[in-house]
Amino acid sequence: FGTYGTGNLADAVLQGDTQVLRILPTAAKALLENLSWRENVPDSQRHPFLPLIETAEYTAFWKKAREYTSSGPSGLHFGHFKAGANRPHIAEFEACMTLIPLASGYSPICWRSCIDGMITKKAGSRSIENLRTIILFGVDFNYMNKYIGRKMMHRATDQDKIAPEQFGSRLGHRAID
């Protein structure tokens, strides 16, 4: 499949060639069969996810973000990025800086650490069964993860690859805890 999933076998899977899957375990085969393009997808849309963070999209995200959202150990917080989104040259720079790891596979050192925390599921209850572990990532890493998640859900929805029972992260649907 190649280091980045761009080899000849990856292309064959995307084109729906199931012969390349014959040596794989059943579960892996089922997963990869569902990664092929739908037949009615135009050739112009038959490409892997191409990372491109538009400055306008980046700015729109930060204008909607809540300033007081907690973040990881870097010292940067949502307020810094909200403020930067108001300045076109800073927003363009930050969008480009966020794109570099996504496009290259480089992992910034500051993205490799986080803060683990516990929050209560039920107000006032400190019982271990009623606590939920959360991880606070750096602000820019958090943004990039949300960006990738949105793009993947849009692509999967366009390709009819979402199971009917999947409700989380879908427009007009709600996951039940």
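All residue numbers refer to position in the chain's written sequence, counted from 1. Given that this is a predicted model, residues contribute local features only at a pLDDT of at least 70 and side-chain atom pairs are listed and counted only at 80 or more, while totals for whole chains, interfaces and linings are drawn from all residues. Heavy atoms from the whole structure form the basis of all side-chain values; hydrogens and water molecules are not counted.

Engineer: Run through helix α6 (residues 139-158), naming residues and quoting values.
Structural biologist: Secondary structure elements are taken from DSSP: a helix is a run of H or I of four residues or more, a strand is a run of E of two residues or more, and numbering for both begins at the N terminus. A helix is expected to span 1.5 Å multiplied by its residue count minus one. Given a rise of 1.5 Å per residue, 20 residues ought to cover 28 Å, and the 29 Å separating the end C-alpha atoms of α6 matches this to within 8%. Burial status follows relative accessibility: with a 1.4 Å probe on protein chains alone, a residue under 20% of its type maximum counts as buried, one over 50% as exposed, and anything between as partly exposed. Taken residue by residue, α6 has V139, D140, F141, N142, Y143, M144, Y147, M153 and A156 as its buried positions. Between two residues, a contact is recorded if the distance between any of their heavy atoms is within 4.5 Å. Next to the buried residues of α6 lie α3 (55-64), α4 (78-85) and α5 (88-104). Directly after α6, the chain includes D160, whose backbone phi takes a positive value near 55 degrees.

Engineer: Account for the side chain of T98, with residues named and values stated.
Structural biologist: Looking at the element boundaries, T98 is found in helix α5. Its relative accessible area of 3% is what places T98 among the buried residues. Apart from residues no more than four positions distant in its own chain, T98 is found in contact with I53, Y58, W111, D140, Y143 and M144.

Engineer: Could you give an account of the pattern of salt bridges, with specific residues and numbers?
Structural biologist: We define a salt bridge as a contact between a side-chain nitrogen of Lys or Arg and a carboxyl oxygen of Asp or Glu at a distance within 4 Å. Summed over all chains, the structure comprises one salt bridge. A salt bridge links E57 to K151, with the nearest nitrogen and oxygen atoms 3.9 Å apart. One end of the pair, E57, is in helix α3; the other, K151, is in helix α6, with 94 residues separating them in the sequence. Of the residues examined, E57 reaches a relative accessible area of 26% and is grouped as partly exposed.

Engineer: Tell me about the packing of α3 against α6, and name the residues and values.
Structural biologist: Any two packed helices are characterised by how steeply their axes cross, that is the angle between the axes, and by the distance between the axes. What counts as an axis is a line fitted to C-alpha atoms, over the stretch in contact for a helix, and the angles between N-to-C directions run from 0 to 180 degrees. One can describe the packing of α3 onto α6 by two numbers: an axis separation of 12 Å at closest approach and a directional angle of 115 degrees. Overall, the two elements α3 and α6 adopt an arrangement that is roughly perpendicular. Considering the relative orientation of α3 and α6, their crossing is right-handed. Judged by residue contacts, E57, Y58, F61 and W62 of α3 engage V139, Y143, K146, Y147, R150 and K151 from α6. Following the grouping adopted for this structure description, the nonpolar residues are Ala, Val, Leu, Ile, Met, Phe, Trp, Tyr, Cys and Pro, the charged ones are Asp, Glu, Lys and Arg, and the polar ones are all others, Gly among them. Class assignment for the residues of the contact of α3 with α6 results in six nonpolar, no polar and four charged. Here the word oblique covers every angle except those under 35 degrees (roughly parallel), over 145 (roughly antiparallel) and from 65 to 115 (roughly perpendicular). Working rule for handedness: look at the near helix, and if it is turned counterclockwise from the far one by less than a right angle, call the crossing left-handed; if clockwise, right-handed.

Engineer: I'd like a description of the side chain of D140, backed by residues and values.
Structural biologist: Among the structural elements, D140 can be located in helix α6. In this tally, Asp and Glu contribute negative charge and Lys and Arg positive charge; neither His nor the terminal groups of the chain are included. Although D140 is buried, it makes no salt bridge; R112 carries the closest opposite charge, 12 Å away. Setting aside chain neighbours within four positions, we find D140 in contact with F81, T98 and W111.

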